Amino acid sequence: MRILVLHGPNLNLLGSREPGLYGSHSLAEINAELSQRALLLGVELTCYQSNHEGALVDQIQLARGEFDGILINAGAYTHTSIALRDA
């Protein structure tokens, strides 16, 4: 099974931007933990982060036929992106 993990805008700042609010783990640490868990489950994980909505839409469209599922933390786009929801 192949899963694409998408991270939205500003999530590249995790661990350094307001750690009291967003936590002290970096995005690299989160991706490493996700990868370890995936390995235990026999899942191949690919992680991608972008601050650009169109780049995330591109990744969703490219995932068709390549991945079995997508896990997305859209960050600030969670409540505002019709484009991501539509993709």
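Everything numeric in this text was worked out from a predicted model, so none of it was measured.

**Topic: the sheet that holds strand 3 (residues 69-73)**
Strand-to-strand pairing in sheets goes through backbone hydrogen bonds, with the strands running parallel or antiparallel. Strand order in this open sheet of 3 strands is 2-1-3, and the pairing throughout is parallel. Two strands bound the open sheet, and with one partner strand each, they are strand 2 (44-49) and strand 3. The sheet shows a mean angle of 20 degrees between the axes of neighbouring strands, taken without regard to direction. Across 6 bridges, the pairing between strand 1 (residues 2-7) and strand 2 is parallel. Among the inter-strand pairings, Leu6 is bridged to a residue of strand 2, identified as Tyr48. Contacts from helix 3 (residues 53-62) reach strand 1, strand 2 and strand 3 within the one sheet, and its direction differs from that of strand 1 by about 170 degrees.

Quick notes on the rules
Residues numbered from 1 in each chain as written. Predicted model: local features only at pLDDT ≥ 70, side-chain atom pairs only at ≥ 80, totals over all residues. Heavy atoms only, no water. Pairing = 2+ DSSP bridges. Helix = DSSP H or I, 4+ residues; strand = E, 2+ residues; numbered from the N terminus. Axes fitted to C-alpha atoms, helices over the stretch in contact; angles between N-to-C directions. Contact = heavy atoms within 4.5 Å.

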